[in-house]
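# Analysis of the macromolecular model
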There are 2 protein chains.
Amino acid sequence: MTGRASKLRPFIEPESVVFVGITRETGLGSFNAIENLLRYKYGGKVYLVNPKAEEILGMKSYPSVSALPEKVDLAVVLTSRTITPGIIRECAAKGIPAAIIMGQGFADATDALGKQLQEEIIHIARESGIRIMGPNTVGVANAFTDFSTSFMWMKMEEVPVGIVCQSGVFFGRFHDLTLLGKGIDLGNACDIDFADALEYYEDDPQVKVIVLHIEGMPNGRRFLEVARRVAQKKPIIALKAGRGERSRKAIQTHTGSMVGRDESWDAAFKQCGIIRLDDVDEIRDVVQSFICLPPLKGNRVAAASFSGAGVNITLDACERHNLRIASLSPETEKKLEDISPLWLGTGNPMDIWPSMVASEQPIGETFASGVRILLEDPNVDALFIIAGAWMEQFNPSLSQVIIKMTEGFPDKPIVCWAYETWTIDTTVKDLAEKIEKEGRSVMFSSVERAIRTLGRLAKYWDFRRRSAIPLGEMER
Amino acid sequence: MTGRASKLRPFIEPESVVFVGITRETGLGSFNAIENLLRYKYGGKVYLVNPKAEEILGMKSYPSVSALPEKVDLAVVLTSRTITPGIIRECAAKGIPAAIIMGQGFADATDALGKQLQEEIIHIARESGIRIMGPNTVGVANAFTDFSTSFMWMKMEEVPVGIVCQSGVFFGRFHDLTLLGKGIDLGNACDIDFADALEYYEDDPQVKVIVLHIEGMPNGRRFLEVARRVAQKKPIIALKAGRGERSRKAIQTHTGSMVGRDESWDAAFKQCGIIRLDDVDEIRDVVQSFICLPPLKGNRVAAASFSGAGVNITLDACERHNLRIASLSPETEKKLEDISPLWLGTGNPMDIWPSMVASEQPIGETFASGVRILLEDPNVDALFIIAGAWMEQFNPSLSQVIIKMTEGFPDKPIVCWAYETWTIDTTVKDLAEKIEKEGRSVMFSSVERAIRTLGRLAKYWDFRRRSAIPLGEMER
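Here is a short report on the structure shown in this document. (Residues numbered from 1 in each chain as written. Chains lettered and ligands numbered in written order. Predicted model: local features only at pLDDT ≥ 70, side-chain atom pairs only at ≥ 80, totals over all residues. Heavy atoms only, no water.)

## Examining the overall build of chain A
Condition: Put simply, DSSP H or I for four residues or longer makes a helix, DSSP E for two residues or longer makes a strand, and each gets a number counted from the N terminus. Burial here depends on accessible area, computed with a 1.4 Å probe over protein chains only, as a share of the maximum for the residue type. Under 20% is buried, over 50% is exposed, and the range in between is partly exposed. Accessible surface area values rest on a Shrake-Rupley calculation with a 1.4 Å probe, where residue burial reflects the displayed protein chains alone. His is not counted, nor are the chain ends; Lys and Arg add positive charge and Asp and Glu add negative charge. Where a charge lies is defined by one atom per residue type: Lys uses NZ, Arg uses CZ, Asp uses CG and Glu uses CD.
Looking only at helices and strands, chain A features 17 helices and 22 strands. The principal-axis extents of the C-alpha atoms in chain A amount to approximately 85 × 45 × 40 Å. Across the 476 residues in chain A, those meeting the buried criterion constitute 63%. About 17,600 Å² of surface is accessible on chain A, with carbon and sulfur atoms providing 49% of the total. Taken together, the 56 basic and 62 acidic charged side chains of chain A have centroids lying 5 Å from each other.

Pasting the structure below:
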């Protein structure tokens, strides 16, 4: 843990924590964060402060922060907005170095009082040295220590992803996607900001990919400096809201942030190697790809498709996402001709199904041969496979071929779109798990998404090649 | 069945069919279409022709088409390309009105012979009157009569979707998506073409939405005439390959089609009310929405979101997809203020979570109230809900509220994005099934996709309003 990261340490890795103003209610509808902590079996010390209760969930409840028997690493403050500044003062007096303010109605409120209260909190922090996360946040989550301050229950999965966001929604699960790992919800970001969070993840060995959800920020310059440095060590992905005029206005309300012109953000992200996404849906695609795939050495793609239509859709998608269709070497062309029916033109992308049907070999063998020929070509940086999922029942199966190729060609990303699962019990989801866990490959739900993601990755690795970090350190 | 549709009838609703050149092999890897037909329990008569076999799968095999005991509705021809013209001649002589040519290596081949053979087949068709589908096709599928000529096994689900494509891949299943319904793979489209297929679906009561996958076509004018007429009766959705130069060249190879400039296609689609999609992934979103949702009466959207971040992402997406954020009436604003905490600004989109937590009422009741207030506003044409899936465990639950609102406001499309499923057994997929089957709502996997789809629908219903069809017939 570097010096830079230590600022965030009491927030994300506290050994002791107090929940101030925790509800006496428990069970469904109470949204009691303590119930979650008990269920996670968090190993640190937990104190509760609620002057109206003596005991909550079998734990002693203290009347005030000053009554606590010891100074703790972190205070999680759930009180109403008007008494919050006083609580923060008390925490600072107790020597607590870090406080998360969960409550809403500060800079995010429409009235003057909210902004005034936030200013007061900032003032206390500057004066006393206590650091503040929030207000208007669900706080932090850390699957590696079974700790979270959020009222939402989450599965503690140690995925190597660190999130920094301005909304608790990103601590949630998006359909089949587990996002974190580690999570930091900055909320209104009155003190702890994006740059601080990035520095915490910068040298964190548990985090391989960083995801940002940005509404806005007052100090863009420091953020961009830090981001440029961190992006040279690990990929940073960003969802930035506020493209249009109306959402910029709305953000002012949501987290009271400075938003800035969208074009400036685009340019800034590009300059510091941050990958900007268009849609929440993209997060899974890009994150999983950074985790599973080796770096792209260039943007020349080859494709092998069971479907001629897939070939054409792939060509369109590559053009849209700035990937080049690899020009195959004459040797590769010759080898492909040898496994193809006479009437079929060979080339890249390769329509491989006619060869599979025409060959005397088992169809899985012909498929494997075609894929191998493409991967052997030094002009090919990455391979995209479009296949029927029903090939899973053949020998070698689809997943066997893909896994074997990821082993044989560890430098070349291999990704897949599979369709059709009627004939077999294996679903595409099973197939995805197999190739993503046993191989170093990724399954996508469409051609467009596979190619779009490869385009994002190619851009990032190009940034890395052009950046100051020596090549040897590039490989993960 | 109109006169226009009758041309396609023997292809899609045959009462008797012969498979010419059917393989003697059965079981895994044989791709024997007859095995599928037996499994579907297709009710029509099936004949086989294979001079090398006497019996296949317990069915008599005839030595030739002329040896068949009767004239059938449809011949499915699986012979190699060089003998195919002779077989077609024999079918015509037998009085068979329709033939599907499955084989490849015709206009889709790189050699001159392939093109020559296809020309010969066209000549035979013109001379004899036999109609041809293909070559280079998997043929047809009809879940309503348990009939398919494809070697791929499919689940016969009677979804009200008719597909016309130039690749068998669209008969497949894309992850959880069952596309057809009815399917017509035109392949090289040497005779039966897109206009013919559209006319078959035009007045088909089993088909409510038409999906096209177009690589290219020689007779664009007739297609556009027919499409404009059909789009005034039911939505037509199109995936058109060949945006870029390379894919246009590749399509020439795949189905030997004329492609045309992409911009001309864009303009033509717009003019005849066809909805062009960007991605295979979109098909499910748009098709399901046309099936489940009432027509949009305008493009003014309201949103209720558990997450402030969701509000902002929604605003961005609406701007991108040409939807307007509805301006609420003063009465609506007043009603929203009544259920919101004092510090919270009200408006559209509505950040509803603070109200749900602050209220004395059960959270489900507050949620229902907010949603109802938005729907009651005459300035609102459609409602988008962003919710935690864990609200399913409350009373009223998320799905209960949505289903009730679709009943109470049958004229207003209601769509949803739900996140987070850790706390409950119900998955978002279960939730989607509930609101899509029991209600008239649709679940999306992201904000972007929900709003993009509403944008597509708004454009279509606008086309319908501006078209010649009287309003009364608009409602489905």
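## A look at the nonpolar core
Selection rule: The nonpolar core is taken to be a set of buried Ala, Val, Leu, Ile, Met, Phe, Trp, Tyr and Cys residues, with the residues joined through side-chain atoms within 4.5 Å. What makes two residues a contact is simply this: any of their non-hydrogen atoms within 4.5 Å.
Judged by nonpolar contacts, the single largest core of 296 residues is most densely connected at A:Phe170, A:Leu212, A:Phe223, B:Leu212 and B:Phe223. Excluding its chain neighbours within four sequence positions, the residues that come into contact with A:Phe223 are A:Phe194, A:Ala195, A:Leu198, A:Leu212, A:Ile214, A:Met217, A:Trp265, A:Phe269 and A:Ile274. Residues B:Ala75, B:Ile96, B:Leu117 and B:Cys190 belong to the second largest nonpolar core, which totals 26 residues.

## Focus on the sheet that holds strand β14 (residues 209-214) of chain B
Residue and element names in this part refer to chain B. Operational definition: Each pair of strands is called paired provided DSSP finds at least two bridges between the two strands.
Taken in spatial order, the seven strands line up as β9-β8-β13-β10-β14-β15-β16 in an open sheet, and their pairing is mixed. At either end of the open sheet lies a strand with only one pairing partner, and these are β9 (147-148) and β16 (275-276). In terms of strand pairing, strand β15 (residues 236-240) meets β16 through two bridges, oriented parallel. Across the sheet, the residue bridging to Ala 238 is Arg 276, located in β16.

## Structural notes on the interface of chain B and chain A
The line we're drawing: Two parts lose some accessible area (1.4 Å probe) when they are put together, and adding that loss for both gives the buried area. Here a salt bridge means any side-chain nitrogen of Lys or Arg lying within 4 Å of a carboxyl oxygen belonging to Asp or Glu. N or O atoms within 3.5 Å of each other form a polar contact, as long as, within protein, one can give a hydrogen and the other can take it, and as long as residues adjacent in sequence are counted only when both atoms are side-chain atoms.
Facing 75 residues of chain B, the contacting portion of chain A comprises 75 residues. Together chain B and chain A conceal approximately 6,200 Å² of surface at their shared face, both sides included; 64% is due to carbon and sulfur atoms. For the interface between chain B and chain A, the tally reads two salt bridges. Among the salt bridges present, the one from A:Asp281 reaches B:Arg449, with a minimum N-O distance of 3.0 Å. Applying the counting criterion to the chain B and chain A interface returns 12 residue pairs in polar contact (both at pLDDT 80 or more).

## Observations concerning the pairing of strand β10 (residues 161-165) of chain A
Residues and elements named next belong to chain A. Taking burial as the measure, the five residues of β10 include five buried ones, the bulk of the element. Both faces of β10 are covered, namely the face carrying Val 161, Ile 163 and Cys 165 and the face carrying Gly 162 and Val 164. In this structure, β10 lies alongside strand β14 (residues 209-214), joined through four bridges in parallel fashion. Across the sheet, the residue bridging to Val 164 is Leu 212, located in β14. Bridge count for β10 against strand β13 (residues 182-185) is four bridges, and the pairing is parallel. The residue of β13 that forms the bridge with Ile 163 is Gly 183.

## Some details on the packing of helix α10 (residues 281-292) of chain A against helix α17 (residues 447-466) of chain A
Residues and elements named next belong to chain A. Definition in use: Simply put, an axis is a line fit to the C-alpha atoms, just over the touching stretch for a helix, and the angle between two N-to-C directions goes from 0 to 180 degrees. Any angle from 65 to 115 degrees is called roughly perpendicular, while one under 35 is roughly parallel, one over 145 is roughly antiparallel, and all others are oblique. Whether a crossing is left-handed or right-handed is set by the direction in which the near helix is turned from the far one by less than a right angle, anticlockwise for left-handed and clockwise for right-handed. Gly counts as polar in this scheme, as do all residues outside two lists: the nonpolar Ala, Val, Leu, Ile, Met, Phe, Trp, Tyr, Cys and Pro, and the charged Asp, Glu, Lys and Arg.
Direction vectors running N to C along α10 and α17 enclose 55 degrees, while the axes themselves pass 10 Å from each other. Considering their axes alone, α10 and α17 lie oblique with respect to each other. Both α10 and α17 take part in a crossing whose hand is right-handed. Here Asp 281, Glu 282, Asp 285, Val 286, Ser 289 and Phe 290 of α10 lie close against α17, whose contacting residues are Arg 449, Arg 452, Thr 453, Arg 456, Leu 457, Tyr 460 and Trp 461. For the contact of α10 with α17, the per-class residue count stands at five nonpolar, two polar and six charged.

## Things to note about the relation of the copies chain B and chain A
Two chain copies, one operation linking them: a rotation about an axis together with a shift along it. Short version of the rule: Copy-to-copy alignment: least squares on C-alpha atoms, limited to residues at pLDDT 70 or above in both.
Rotating chain B by 180 degrees and translating it 0.0 Å along the rotation axis places it on chain A, where the RMSD comes to 0.0 Å. These values place the two chain copies in the arrangement generated by a two-fold rotation axis. Within chain B, the C-alpha atom positioned nearest to the axis of rotation is that of B:Asp281, 5.6 Å from it. Residue by residue, 100% of the interface of chain B is reproduced at the interface of chain A, so both copies engage with the same surface.

## Examining helix α4 (residues 84-94) of chain B
Residue and element names in this part refer to chain B. Just so we agree on the cut-off: For this quantity, the arc is that covered by the directions from the helix axis to the C-beta atoms.
All of the buried residues in α4 are Thr 84, Pro 85, Ile 87, Ile 88, Cys 91 and Ala 92. An end-on view of α4 places all buried positions within 160 degrees of arc, on one side of the element. Where the residues of α4 are buried, they touch β1 (16-20), β5 (74-77), β6 (98-101), α5 (112-128) and β7 (131-133).

What is shown is where atoms sit, not what they do.
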